[in-house]
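Listed below, chain by chain, are the residues.
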Amino acid sequence: MDIEYSTELNEQLQMLPPPPGTFVDREELIQHVGEFAVSQGYVVTIKQSKRDKVVVLGCDRGGVYRNRRKSVDESAAERIRRRKTGSRLTNCPFEVVGKKDDGLWVLNVKNGTHNHEPLKDIAEHPSASRFSEKEVLIIKEMTEAGLKPRQILKRLRQSNPDLLSTPKHVYNVKAKLRQGNMSVRNYKSLRPQKSAVRNNYLSVMEPSWRQRNPPRVPNLIGGRFVDSQSFASIDVINPATQAVVSQVPLTTNEEFRAAVFAAKRAFPSWRNTPITIRQRIMFKFQELIQRDIDKLAMNITNEHGKALKDAYGDVLCGLEVVEHACGLATLQIGEFVSNVSNGVDSYRISEPLGVCAGICPFDFPAMIPLWMLSFAVTCGNTFILKPSEKDPGAAMMLAELAMEAGLPNGVLSIVHGTNEIINAICDDDDIKAISFVGSNTAGSYVYSRASTKGKRVQCNIGAKNHAVVMPDAGMDTTLNALVTAGFGGAGQKCLALSTVVFVGGLTSWEAKLVERAKALKVQPGTEPDTDLGPVISKQAKEHICRLIQSSIESGAKLVVDGRNFLVPGYEHGNFIGPTILSDVKASMECYKADSIEEAIDIINRNKYGNGASIFTTSGVAARKFQTEIEVGQVGINVPISVPLPFSSFTSSKPTFAGDLNFEGKAGIQFYTQIKSVTQQWKDLAGSDIATLQVPNS
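What you see is a predicted model, and the numbers here were worked out from it, not measured in a lab. (Residues numbered from 1 in each chain as written. Predicted model: local features only at pLDDT ≥ 70, side-chain atom pairs only at ≥ 80, totals over all residues. Heavy atoms only, no water.)

(A) Examining the overall build of the chain more closely. The helix and strand inventory of the chain stands at 19 helices and 25 strands. For the chain, buried positions account for 49% of its 697 residues. Restricting the contact set of the chain to residue pairs at least 6 apart, pairs at least 24 apart contribute 71%. As displayed, the chain has an accessible area near 33,900 Å², and 50% of this comes from carbon and sulfur atoms. (Helix = DSSP H or I, 4+ residues; strand = E, 2+ residues; numbered from the N terminus. Buried < 20%, exposed > 50% of the residue type's maximum accessible area, 1.4 Å probe, protein only. Contact = heavy atoms within 4.5 Å. Areas by Shrake-Rupley, 256 points an atom, 1.4 Å probe, with all protein chains shown as cover.)

Here is the structure:
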């Protein structure tokens, strides 16, 4: 829970109790109470805890048993009384209780009073000498390197000048390390860092989920990466090696509700954060993506299978969206009309919607999450992202970078799962808008279910792209474009040219097309010269093989067969070599046409309208194609490509469901709502007569 503290050290510390509230989890509640306490001059400690039910916090006075030697003239009763007086908890009645209720933690103050003076100096409390978890790890490394306690302490103070620990404390830590005890008690500073828009990234230090083997992907809720309590999970498989890269839990209903609660709670503060500050966070975000682009690309290749060069392209296309988001302020400027009536002005402003959500496919693990969250949060919304359960790693890495860039807690949340979590996103009343990219069946379902609940929805679904090759097209340029767009990413992308219509027939093109296809290097995507990596899963490979066999049985000619392609050392990988079918009927989705009119008619009769390209040297043919083709994106002598962020990703027919497209001006309009304001500042002091007349000139 984000709290703005008004108490400063130079003011009188009032030792007020923390304000009651609701929290995402137990750790957030404890952090809230602890940080508020130190701002008021006292320190809290856990008195009692049942991890999944209740936690009781009391005041830690920091006292110690002193003068333990028996005094000659002191009775036993007097010694006991003095020991209790100096104990840490006995004399302070302060107590707050946190209880778990319906998936969230509720804080109540049982007794908010103290019977002692506030701490005026952090050195008064023993906790001041405790090391942080990061410092304990540094001590361990320096000890193994042979440094002595005084040398270790000197180096620690170079990065933390306020450290009050002594060499004796370092000795104590070393003793615990020798016993194999790595636990450490953290202490929040008496004057914690405060900012309306930046959070201390130490709160999302290297999480425990990365230390597991295989890692279990966490949820991101309220600014923290938290392990799911779900017992069910899905293995993320490396398509080339079949090794388990990580495990994705199926987010529980309680965890999902906590994510929505955190996003809803963060919205008022985030929407009121100046757009310039939101842009600065995006500037930092894009800088961090550039810094870690190698890690992102490698993760995408390991989880998705696409060639490393395609993985870099995935990240770079998403990076362009972040860069565009850095300048959204000028695109959100409203309209103002002065004196529309006598003394009346009218203007329109754009405001964020609230909590929005995004459901992502597997084909672009970095680009599509960045499509959604960059526009959504820069416009002032909070965002809940559900990455694909097949390759969630890139989205998690991007979330870590967003937190490091300064995105406040709760502005971005991440949940995982399949059908149940999608249903929860569609049905939740607090989610105002949903962005979806994926299959036709799933997208139609999401659009129908979410729009029925009154949500704003945009769905890019069921992509299928065609290319028309005219007889006059340039041979080499056209073939290079077809091979790149057809086989790139193993054809697993919404922009792939999977269907080509050769006007006049394939005969004159076939030999060279086969030559180029067979020249493609099929191997793991991690190899630097890979052209074609494996498909995402065994099921995807089996599905492709069934389609090929079905076409052959229906009379198609198999020009190039990639079904039994084996890569040495990766025999169990999901590899399929380049495959080309010819002499195919329209029902097989590969066609032959005798004229441009017939080619256009074939494409327009197809139920998918994502994009289409024409390759020709005739301006007349190109213009005719551009005018008469019924798709959202048209390429002339170029394959379909991802549009730059300042122009919307346009699709038509069933390939898009919704009113406003992704990116560009339409993307901003999707994540904002227009408010019209009419104002009058006439001097009405001399008038005491009410009127029902509408203001006019």
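(B) Inspection of the pairing of strand 5 (residues 104-111) at higher detail. As paired strands, strand 1 (residues 21-23) and strand 5 are joined by 3 bridges and run antiparallel to one another. Of the residues in strand 5, the one forming a bridge with Phe-23 is Trp-105. Across 7 bridges, strand 4 (residues 95-101) lies against strand 5 in antiparallel orientation. Residue pairing for strand 5: Lys-99 is matched across the bridge by Val-106. Hairpin connection between strand 4 and strand 5: a loop of 2 residues separates the two successive antiparallel strands, and Asp-102 in this loop has a positive phi of roughly 55°. (Pairing = 2+ DSSP bridges.)

(C) The arrangement of the confidence of the model for the chain in detail. When pLDDT is averaged along the chain, the result is 81; 82% of the residues meet or exceed 70. This model gives residues 63-69 a pLDDT under 50, and the stretch forms 7 contacts once residues within four places in sequence are excluded. Low confidence marks residues 84-90, where pLDDT is under 50. Its contacts with residues over four positions away, or in another chain, come to 17 contacts. (pLDDT = per-residue confidence, 0-100.)

(D) Main features of the pattern of salt bridges. Under the definition given, this model contains 25 salt bridges. Measuring nitrogen to oxygen at the nearest pair gives 2.8 Å for the salt bridge that ties Lys-140 to Glu-144. In this pair, Lys-140 and Glu-144 are both assigned in helix 3 (residues 133-144), 4 residues apart and thus about one turn of the helix distant. Of the residues examined, Lys-140 reaches a relative accessible area of 31% and is grouped as partly exposed. The partner of Glu-287 in a salt bridge is Lys-284, with the nearest N and O atoms 3.4 Å apart. Of this pair, Glu-287 and Lys-284 both sit in helix 7 (residues 275-291), separated by 3 residues, roughly a single helical turn. On the basis of relative accessibility, which here comes to 41%, the residue Glu-287 falls in the partly exposed class. Salt bridges linked by common partners bring Lys-47, Glu-95 and Lys-110 together as one network. (Salt bridge = Lys/Arg side-chain N within 4 Å of Asp/Glu carboxyl O.)

(E) Structural view of the sheet that holds strand 3 (residues 54-59). Across the sheet, 5 strands lie side by side as 1-5-4-3-2; this open sheet has antiparallel pairing. Each of the sheet's edge strands pairs with one partner strand only, and the pair in question is strand 1 and strand 2 (44-50). Across the sheet, the mean angle separating the axes of adjacent strands is 25° when strand polarity is ignored. Against the sheet, helix 6 (residues 253-271) contacts strand 1, strand 4 and strand 5, and its axis sits at roughly 125° relative to strand 1. (Axes fitted to C-alpha atoms, helices over the stretch in contact; angles between N-to-C directions.)

(F) Representation of the sheet that holds strand 10 (residues 335-341) in the model. In spatial order, the strands read 10-11-25; together these 3 strands make up an open sheet with antiparallel pairing. Edge strands, defined here as strands with exactly one partner in the open sheet, are strand 10 and strand 25 (672-680). Each strand axis lies, on average, 25° off the axis of its neighbour in the sheet, ignoring direction. Note: strand 11 (residues 344-352) against strand 25, 9 bridges, orientation antiparallel. Each bridged residue has a counterpart across the sheet, and for Ser-350 the counterpart in strand 25 is Ile-674.

(G) Broad picture of the packing of helix 17 (residues 596-605) against helix 18 (residues 619-628). As a packed pair, helix 17 and helix 18 sit with axes 11 Å apart at the nearest point and diverge in direction by 25°. Comparing their axes, helix 18 and helix 17 come out roughly parallel. Here the hand of the crossing between helix 17 and helix 18 comes out right-handed. Contacts from Ile-596, Glu-597, Ile-600, Ile-603 and Asn-604 in helix 17 reach Ala-621, Lys-624, Phe-625 and Glu-628 in helix 18. Its residues placed into classes, the contact of helix 17 with helix 18 shows 5 nonpolar, 1 polar and 3 charged. (Parallel < 35°, antiparallel > 145°, perpendicular 65-115°, else oblique. Left-handed = near helix turned anticlockwise from the far one by under 90°. Nonpolar A, V, L, I, M, F, W, Y, C, P; charged D, E, K, R; others polar.)

(H) Quick peek at the environment of Ile-629. For Ile-629, the position within the fold is in the loop between helix 18 and strand 23 (633-636). Along the chain, Ile-629 and Asp-601 lie 28 residues apart, while their C-alpha atoms are 8.2 Å from each other.

(I) Examining the state of the cysteines more closely. With the rule as written, the count across this model stands at 0 disulfides. Between Cys-379, a cysteine without a disulfide, and Cys-356, which holds the nearest cysteine sulfur, the sulfur-to-sulfur distance is 9.0 Å. (Disulfide = S-S within 2.5 Å.)

(J) Spotlight on the side chain of Ser-435. Summarising the element assignment, Ser-435 is placed in strand 15 (residues 431-438). A residue is classified by how much of its surface remains accessible, and Ser-435, at 0% relative accessible area, is buried. Apart from residues no more than four positions distant in its own chain, Ser-435 is found in contact with Ala-357, Gly-358, Ile-359, Met-372, Gln-458, Phe-662, Phe-670 and Tyr-671.

(K) The packing of helix 7 against helix 9 (residues 308-325), seen in detail. Running from amino to carboxyl end, helix 7 crosses helix 9 at an angle of 160°, the nearest separation of the two axes being 8 Å. Taken together, the axes of helix 7 and helix 9 lie roughly antiparallel to each other. Our pair here, helix 7 against helix 9, has a crossing hand that is left-handed. Taken together, the residues of helix 9 that come into contact with helix 7 (itself represented by Gln-279, Met-282, Phe-285, Gln-286, Ile-289 and Gln-290) are Val-315, Leu-319, Val-322, Glu-323 and Ala-325. Residue classes in the contact of helix 7 with helix 9 are distributed as 7 nonpolar, 3 polar and 1 charged.

(L) The packing of aromatic side chains, seen in detail. Taken as a whole and assessed by the stated rule, the structure comprises 4 aromatic pairs. Seen from their ring centres, Phe-336 and Tyr-347 are 5.8 Å apart, and the 20° between their planes marks the pair as stacked. Of this pair, Phe-336 sits in strand 10 while Tyr-347 is found in strand 11, placing the two residues 11 residues apart along the sequence. The ring of Trp-270 has Arg-278 sitting right over it, with the charged end atom 5.9 Å from the ring centre. (Phe/Tyr/Trp six-rings, centres within 6.5 Å; stacked < 30°, edge-to-face > 60°. Lys NZ or Arg CZ within 6 Å of the ring centre and 35° of its normal.)

(M) Main features of helix 4 (residues 149-159). Taken together, the buried positions of helix 4 are Pro-149, Ile-152, Leu-153 and Leu-156. All buried residues of helix 4 fall inside an arc of 95° around its axis, so they share one side. The exposed residues of helix 4 that point more than 90 degrees off its buried face are Arg-150, Lys-154 and Gln-158. (Arc of directions from axis to C-beta.)

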